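# Fold and contact review
This is what each chain is made of:
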Amino acid sequence: MIKKALLLFSIGFLCVLTVGGLFSYWPTIAASVYVVMSTITILVYKWDKRLAMSKKQPVVRVPERTLHLLALLCGWPGALIAQQWFRHKSQKRIFIAVLWLTIIINCSALFGGYYYWQLG
């Protein structure tokens, strides 16, 4: 249930941004940035999951701060999608809490930017 809700939330967010950009409700670049960063974030999560499952010793993993930085830089929909699809970083509570903090910060900045764009 939660898995489907998170996937629906992330994919729905990207779709709303894309459709809104196509109809000029906001700059198309906003949707483009989110789609590109989400794709990059999904690929990095997949790569880190592959490294985590590697039998080789020692393995240099992707630092959690890098994953959070990608989420903060408009890649959070991809982070939520990757967590559910790959079951990666989906059980670590502190990681999830910081991820949701980056989502709140990012959405606040997005809505603030949208408001500013509407004034102009």
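Residues numbered from 1 in each chain as written. Predicted model: local features only at pLDDT ≥ 70, side-chain atom pairs only at ≥ 80, totals over all residues. Heavy atoms only, no water.

The name that an unreviewed UniProt entry assigns to the chain is DUF1294 domain-containing protein, with the source organism given as Pseudoalteromonas nigrifaciens.

### Structural notes on the nonpolar core
Keep this limit in mind: Here the nonpolar core consists of buried residues drawn from Ala, Val, Leu, Ile, Met, Phe, Trp, Tyr and Cys, with membership extended through side-chain atoms lying within 4.5 Å. Accessible area is worked out with a 1.4 Å probe on protein chains only. A residue is then buried under 20% of its type maximum, exposed over 50%, and partly exposed in between. Strands here mean DSSP runs of E at least two residues long; helices mean DSSP runs of H or I at least four residues long; both are numbered from the N terminus. Note on contacts: a residue pair qualifies if any of its non-hydrogen atoms lie within 4.5 Å across the two residues.
In this structure, Leu17, Tyr34 and Trp76 are the most contacted members of the largest nonpolar core, which totals 27 residues. Within the residue set of this core, elements represented by two or more residues are helix H1 (2–22), helix H2 (28–52), helix H3 (64–86) and helix H4 (93–119). Broken down by element, the residue count for this core peaks at nine residues, all from H3. The contacts of Trp76, once residues within four sequence positions are left out, are Phe9, Phe13, Tyr34, Leu70, Ala71, Ile103, Asn106 and Cys107.

### What about the environment of Cys74?
Mapped onto the elements, Cys74 comes out in helix H3. Residues Cys74 and Val33, 41 residues apart in the sequence, show an inter-C-alpha distance of 6.9 Å. Setting aside residues no more than four positions away along its own chain, Cys74 makes contact with Val33, Tyr34, Met37, Ser38 and Asn106.

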